[in-house]
Amino acid sequence: MAEQNEQLRYWIWLSLVFGAGSTKLSIYLKQLASPQAVYEAVQTGMIRNLSPAVQKNMLQHTLGEADSLAYYCRTHQIELIPYDSELYPPMLRHIGTPPILLTAWGNTELLSNPLSFSVVGTRNPSPYSEKVTNAIVSALAQRDFTIVSGCAKGIDAIAHAAALDAGGTTIAVLGCGVNVNYPRENQILRERMISSGKGLLLSEYLPGTQPVPANFPKRNRILSGLGYATAVMEAAMRSGSLITADCAAEQGKYLFCVPPADLFDARYAGTIPLLRDGAIPLMSHEDVLMVYYDRYPQYYQGTDGLKDSERLVFTEESIGSAGNSEKRLEPVKTEKESAIRSQKEMDVPVEENLPEDETEKQIVTYLREHGSVYVDDIAAALDMDLSELLSTLTMLELDGFVESLFGKQYRAL
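Residues numbered from 1 in each chain as written. Predicted model: local features only at pLDDT ≥ 70, side-chain atom pairs only at ≥ 80, totals over all residues. Heavy atoms only, no water.

(A) Molecular detail of the overall build of the protein. Looking only at helices and strands, one finds 17 helices and 12 strands in the protein. When burial is assessed residue by residue, the protein has 50% of its 413 residues classed as buried. In the protein, 68% of the contacts between residues at least 6 apart in sequence involve partners at least 24 apart. Accessible area for the protein stands at about 20100 Å²; split by element, carbon and sulfur atoms hold 51% of it. (Helix = DSSP H or I, 4+ residues; strand = E, 2+ residues; numbered from the N terminus. Buried < 20%, exposed > 50% of the residue type's maximum accessible area, 1.4 Å probe, protein only. Contact = heavy atoms within 4.5 Å. Areas by Shrake-Rupley, 256 points an atom, 1.4 Å probe, with all protein chains shown as cover.)

(B) Region of interest: the layout of surface pockets. Of the pockets and cavities examined, the second largest pocket occupies roughly 810 Å³. Along the walls of the second largest pocket sit 30 residues, with Ser26, Tyr83, Arg93, Gly96 and Pro98 positioned nearest its centre. The set of elements that each furnish at least two residues to the lining of the second largest pocket consists of α1 (2-18), α2 (23-32), α10 (241-250) and α17 (386-398). In terms of residue count, α2 provides more of the lining of the second largest pocket than any other element does, five residues in total. (1 Å grid on protein atoms, 1.4 Å probe; cavity = no way out; pocket = protein on both sides within 12 Å on 5 of 7 lines; lining within 4 Å. Points joined across faces, edges and corners; volume = space filled by probe spheres on them.)

(C) Expanded view of the sheet that holds strand β12 (residues 409-412). As summarised here, the arrangement of the three strands in space is β10-β12-β11, forming an open sheet in which the pairing is antiparallel. Among the strands making up the open sheet, the edge pair consists of β10 (373-374) and β11 (402-405). (Pairing = 2+ DSSP bridges.)

(D) Main features of empty space enclosed by the protein. Going through the model one piece at a time under the given rule, you end up with one cavity of 30 Å³ or more. Approximately 40 Å³ is the volume found for the largest cavity. Lining the largest cavity are Pro89, Met91, Leu110, Leu111, Asn113, Ser116, Ile171 and Leu226. When its residues are assigned to classes, the lining of the largest cavity shows six nonpolar, two polar and no charged. (Nonpolar A, V, L, I, M, F, W, Y, C, P; charged D, E, K, R; others polar.)

(E) Broad picture of the nonpolar core. In terms of nonpolar packing, the biggest core is built from 40 residues, with Ile12, Trp13, Leu14, Phe18, Val38 and Leu101 touching the most fellow members. When residues of this core are traced back to their parent elements, those giving at least two are α1, α2, α3 (35-43), α5 (63-75), α7 (155-165) and α8 (187-196). Broken down by element, this core gets its largest block of residues, nine residues, from α1. Setting aside its immediate chain neighbours within four residues, Val38 contacts Leu14, Leu25, Tyr28, Leu29, Leu32 and Ile47. Among the nonpolar cores identified, the runner-up in size contains 29 residues, and Phe117, Leu140, Ala162 and Val258 belong to it. (Core = buried A, V, L, I, M, F, W, Y, C linked by side-chain atoms within 4.5 Å.)

(F) Broad picture of α3. Turning to α3, its buried residues number three or more, namely Pro35, Val38, Tyr39, Ala41 and Val42. The buried residues of α3 occupy an angular sector of 165° when the element is viewed end-on, so they sit on one face. (Arc of directions from axis to C-beta.)

(G) Layout of the side chain of Arg143. By the element assignment, Arg143 lies in the loop between α6 (127-141) and β4 (146-149). At 3.1 Å, the side chain of Arg143 forms a polar contact with the backbone oxygen of Ala139. (Polar contact = N/O pair within 3.5 Å; in protein donor to acceptor, adjacent residues only side chain to side chain.)

(H) Summary view of unusual backbone geometry. At the junction of Tyr182 and Pro183, the peptide bond is cis and its omega measures out at -10° in the coordinates. Position of Pro183 among the secondary structure elements: in the loop between β5 (169-173) and α8. Unusually for a residue other than glycine, Asn49 sits at a positive phi of about 60°. Turning to its location among the elements, Asn49 is positioned in the loop between α3 and α4 (52-60). Owing to a relative accessible area of 71%, Asn49 belongs among the exposed residues under this scheme. If you check the backbone angles, Asp383 has positive phi at about 55° while not being a glycine. Residue position: Asp383 is located in the loop between α16 (375-382) and α17.

What follows is the structure in structure tokens.
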């Protein structure tokens, strides 16, 4: 712990110098293994070809300033969470450019909740979208989902408030410092999130950072990365919510969209292409439950409070044994998965052509056993680096072993 506290000043200094979402900084950290090593390499000139902005920041920011920021956070109940911290949210480790340092104000235990769902949408929603957001978010919050959104006015604020009203929890991912009151219309909501103990304000920007427009597109990769899925409740053609939807697809996350109330209303024009390209229509919280528990049955705790339609995720045999609290319900198997399982049970070998490379063989075998799988789930199951996995999957697709589907989902051929 003492070593981690000592390293914190270097994490802060790197954030000050390189800024948020720096791809190069992520590469340097991977190569040199620690923030102090990167700091020393920068100071001694071992790392060259730094951008003019980084070189300017090196002259402006010192370790003393980093120490002052660390002290400010300690005295204002703001948690600093570097990439190597145990508090760092597992979901973010697998996104393309994970934030190297997070600032958090509120209940940090929410970062480890596997039941997380991101909600985005317009700042000026229609009454229809307000009603749908309230209904779906409330139902999910009552089932222990943590609702993640961006604390903007409109859909974001409705989602945060609906989660709290339902007795649930919520995380606001900000495009500014956690101590900056933006937008002012949501001040009471922000205070309620903190005072209730059921909310968290989260940002990769250091305290005091103002909400300039360039911050929000970078913020969106964290917003989608924190949830196992992202829902677009309403979006016009040029809505910023579509950036978050793109981030979710790139990260291999599930993407839900609320079907438009009116196909000819420009307010819903942004969601139509997403639905056409394969986003999951979101008409009830049951749609979310069915997808989530089919993919992550290990998090299912029981049938209390579920409607009959929500039980469609599970087999009749499993539902029949639900009275035994020690038994865990099993997800419905696809025909392909059932066939593979049956052959295994009969001890009959499955004659399949596999690649020679051991890593490739492991991936293909996993996909043949699990059907269509999102890339972040493959990385987690096989404990692989995401960039290495994507490269290997590309080669496997060229060789005809796998097929890529919408949103970085893959299946074996």
